[in-house]
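# Results of the structural survey
Single-letter residue listing:
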Amino acid sequence: MNVVEHEIIKLKGIVLDIEPMELQGIQTWTRGANVVFDDDATHRVGGYRQFADPYPVGAKPIFLHPVLTPDTSYWIYISDDGVDCKCYVTDGTTHWDITPATGLTTGGPGIWTGTTLNGIPVLNNGLDYPFWWNGETGTPCTTIPGWPVDQYAKSVRAYKYHLVALNLTRSGVRIPNMLAWSSAADPGTIPDSWDPLPGNDAGDALLSDDLGGLVDAETLRDNLMIYRQHSTAYASYVAGQYVFVFRELFNTSGIQALNCATEVRGKHYVITDDDIIVHDGNQYTSIADNVIRSYVFAAISPEQHHLCCAETRTSKDEVWFCFPYTDSENLSYAAVYSLEDDLFGLRELPEVTHVRTGIIPEEDFDATWDGALSAWQQDPRFWNEQNYSETNDGMMMADPVQSRLLNVDASNDNDGEPIEAFVERTMWTVGGSREDLWTNVLTRSLWPYITGTPGDVINVRIGGAMSASAPVRWSASQPYVIGSENVPKLDSFAFGRLLSIRFSSSGGDPWQIHRFGFDYVPQTKY
């Protein structure tokens, strides 16, 4: 009997846009949930727990913006229950109502932007005048100085020493291709004028209306990228009479919605209207084509697409592209992109409306050994991290459904609920070619190498199918106990021309699949 052993190393990400049988090699997974990829391994994600509980009565967080002051780190969040809209700030222990005295108009999630100029946070919703906060918890937010009467903006962003407002409405007339900028602000202050006068450098401009209305903007190195839905322009600061010059950049690539561009290492990662791209201000490249592009954009709920957002997690070399799946009313999935490995994973989200990176106050962490989430190697947090680290960024989610803020990776479960995770590769020909499709094989055993918390159990199954259209006949699930002294081969039998393998877990701590092997006996053809 000819027994063949086959070992699989350097496991790759999830590919959903190519039929499993068309993929080369077994290293690429064809389905998965709550797994990400790093260092040639498949990682089960960490969980989340409530942050700054208890909350103000009736609070329904929909939007987040981090604030760093000389004394502490804060999180501003917008609460909107459909009747009342409030602005709160918390340090992780106490909540303060800093709603502007003029009040806020309820408008739901997906309409807010937050930016920081000279360390001063500025928020905007397109329904009220933009407002800022001075960092004093006993002081409410106020309208930014000099803002023109009866003017509204879809987005407000900081650039150089200015605030830039895009897609304006003036006296009830919407001018979607217009932007305006404030006078320059002195260090540590907010701009005091938006009226173009001989003594300041405030101004406005109309960009081409042939390419659509302005949606959002984000700085990229020395320029301001200006995104429309289907095209992209940019502004450069030149000072003097013109202050800024504007140039078109991409005529076929724009942005999906507000907050859908994020900067990493001198590049923008963007959710466009039909792709996920990276660009350096000169050329763009799709990172999702033939990977997850078709899956994601077929899944995005048309009614809720304005909730999509992109966010960088520098400490983990990840970019999250969050989207509402099919009929979800809120964000339900994140396609998590590994910057180092150029791979995508998928993470389920608990019906949140915004995801934001920032510094998490130390009050939300127990930094002692007794406060460890699990074994030292598996704890998803940074050891010896301090409240004031601008590199060890955390991530927060706004959950209006259950009225809570959620601190990502602060727990190994989802706020007390077990994490269900799996990854699988289906319809694989052992030889990796179409010629081998006609060879039947009998798999007999499997030996994975998985690390994690000793005693946690990973369930493993092997399956076989006679054709791509036939169902997979899965073997019985075999438990793999992490940390066993002698890791035996798991007896698992499957027969067919196309093989499948699946790893799954329910609850427990994060784990990592580094490699696996199996043996099989070639059978007759046809």
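None of these values were measured; they are calculated from a predicted model. (Residues numbered from 1 in each chain as written. Predicted model: local features only at pLDDT ≥ 70, side-chain atom pairs only at ≥ 80, totals over all residues. Heavy atoms only, no water.)

### Re the overall build of the protein
- Of regular secondary structure, the protein possesses 1 helix and 40 strands.
- Relative to its length of 526 residues, the protein is compact, with a C-alpha radius of gyration of 26 Å against a globular reference of 24 Å.
- In terms of overall dimensions, the protein has C-alpha extents of about 90 × 55 × 40 Å along its principal axes.
- Residues classed as buried in the protein amount to 55% of the 526 residues present.
- Contacts in the protein between residues at least 24 apart in sequence constitute 61% of all its contacts with a sequence separation of at least 6.
- Of the roughly 22,200 Å² that the protein leaves accessible, carbon and sulfur atoms contribute 48%.
- Here the protein holds 34 positive side-chain charges and 69 negative ones, and the gap between their average locations is 8 Å. (Helix = DSSP H or I, 4+ residues; strand = E, 2+ residues; numbered from the N terminus. Rg over C-alpha atoms; globule rule 2.2 N^0.38 Å. Buried < 20%, exposed > 50% of the residue type's maximum accessible area, 1.4 Å probe, protein only. Contact = heavy atoms within 4.5 Å. Areas by Shrake-Rupley, 256 points an atom, 1.4 Å probe, with all protein chains shown as cover. Lys, Arg positive; Asp, Glu negative; His and termini not counted. Charge placed at Lys NZ, Arg CZ, Asp CG, Glu CD.)

### Observations concerning the side chain of Asp 216
- Within the secondary structure, Asp 216 sits in strand β18 (residues 214–220).
- Among the polar contacts listed, one links the side chain of Asp 216 to the backbone nitrogen of Asn 259, at a separation of 2.9 Å.
- Every residue in contact with Asp 216, bar those within four places of it in the chain, is listed here: Thr 113, Ser 155, Arg 157, Leu 166, Met 225, Ile 226, Tyr 227, Ile 255, Leu 258 and Asn 259. (Polar contact = N/O pair within 3.5 Å; in protein donor to acceptor, adjacent residues only side chain to side chain.)

### Quick look at the sheet that holds strand β30 (residues 354–358)
- Ordered in space as β5-β32-β31-β30, the 4 strands form an open sheet in which the pairing is antiparallel. The open sheet is flanked by β5 (48–51) and β30, the only strands paired with a single partner. Across the sheet, the axes of successive neighbouring strands diverge by a mean angle of 35°, strand direction being ignored.
- Of the strand pairs in this sheet, β30 and strand β31 (residues 394–399) are connected by 5 bridges, and their pairing is antiparallel. For Arg 356, the partnering residue across the bridge sits in β31 and is Met 396. (Pairing = 2+ DSSP bridges. Axes fitted to C-alpha atoms, helices over the stretch in contact; angles between N-to-C directions.)

### Comments concerning the confidence of the model for the protein
- Residues at a pLDDT of 70 or more form 91% of the protein, whose mean pLDDT is 91.
- Ignoring residues within four places in sequence, the model shows residues 381–391, a span with pLDDT below 50, making 30 contacts including any to other chains. (pLDDT = per-residue confidence, 0-100.)

### Focus: the pairing of strand β33 (residues 420–428)
- With 8 of 9 residues buried, β33 lies mostly within the body of the structure.
- Pairing analysis gives 3 bridges linking strand β2 (residues 31–33) to β33, with the strands arranged antiparallel. The residue of β33 that forms the bridge with Gly 32 is Val 423.
- The sheet contact formed by β33 and strand β39 (residues 498–506) spans 7 bridges and is antiparallel. Bridge assignment links Arg 425 to a residue of β39, and that residue is Ile 501.

### Topic: the packing of aromatic side chains
- Scanning all chains against the criterion turns up 24 aromatic pairs.
- Between Phe 250 and Tyr 284, the ring centres sit 4.9 Å apart and the planes meet at 75°, which makes this aromatic pair edge-to-face. Remark: Tyr 284 occurs in strand β25 (residues 284–286) and Phe 250 occurs in strand β21 (residues 243–250); sequence separation between them is 34 residues.
- With a centroid separation of 5.6 Å and 55° between ring planes, the pair formed by Phe 503 and Phe 516 is classed as tilted. Of this pair, Phe 503 sits in strand β39 while Phe 516 sits in strand β40 (residues 512–525), and the two are 13 residues apart along the sequence.
- Phe 516 gets classed as buried once you look at its relative accessible area, which sits at 0%.
- Of the aromatic side chains, those joined through ring pairs into one cluster are Tyr 159, Trp 181, Tyr 237, Phe 244 and Phe 246.
- Across from the ring centre of Trp 447, 4.4 Å away, lies the NZ or CZ of Lys 489, which sits over that ring.
- A cation sits over an aromatic face here: Arg 502 above Phe 422, 4.3 Å from the ring centre. (Phe/Tyr/Trp six-rings, centres within 6.5 Å; stacked < 30°, edge-to-face > 60°. Lys NZ or Arg CZ within 6 Å of the ring centre and 35° of its normal.)

### As for the side chain of Asn 34
- Its location among the elements puts Asn 34 in the loop between β2 and β3 (35–38).
- Residue classification places Asn 34 among the buried positions, given a relative accessible area of 4%.
- Within the structure, the side chain of Asn 34 is placed 2.8 Å from the backbone oxygen of Glu 420, a separation counted as a polar contact.
- Those residues within four positions of Asn 34 in sequence are excluded, and the remaining contacts are His 43, Arg 44, Val 45, Leu 346, Arg 347, Glu 348, Ile 419, Glu 420 and Ala 421.

### Observations concerning the pattern of salt bridges
- Per the counting criterion, the structure on display carries 21 salt bridges.
- Where Lys 86 meets Asp 97, a salt bridge forms, and the shortest distance between an N and an O atom there is 3.9 Å. Within this pair, whereas Lys 86 is found in strand β8 (residues 85–90), its partner Asp 97 is found in strand β9 (residues 95–97), the two being separated by 11 residues in sequence.
- In this structure, Arg 404 and Asp 399 form a salt bridge, with 2.6 Å as the shortest nitrogen-oxygen distance. In this pair, the class of Arg 404 matches that of Asp 399, namely buried.
- Several salt bridges converge on common partners, so that one network encompasses Asp 274, Asp 275, Asp 289 and Arg 293. (Salt bridge = Lys/Arg side-chain N within 4 Å of Asp/Glu carboxyl O.)

### A closer look at the sheet that holds strand β17 (residues 203–206)
- Across the sheet, which stays open at both edges, the 4 strands sit in the order β14-β15-β16-β17 with antiparallel pairing between neighbours. Both outer strands of the open sheet, β14 (151–159) and β17, are each paired with one neighbouring strand and no more. Pairs of neighbouring strands in the sheet enclose a mean axial angle of 25°, with direction left out of account.
- Relative to strand β15 (residues 162–170), β14 is paired through 8 bridges, and the arrangement is antiparallel. Of the residues in β15, the one forming a bridge with Tyr 152 is Thr 169.

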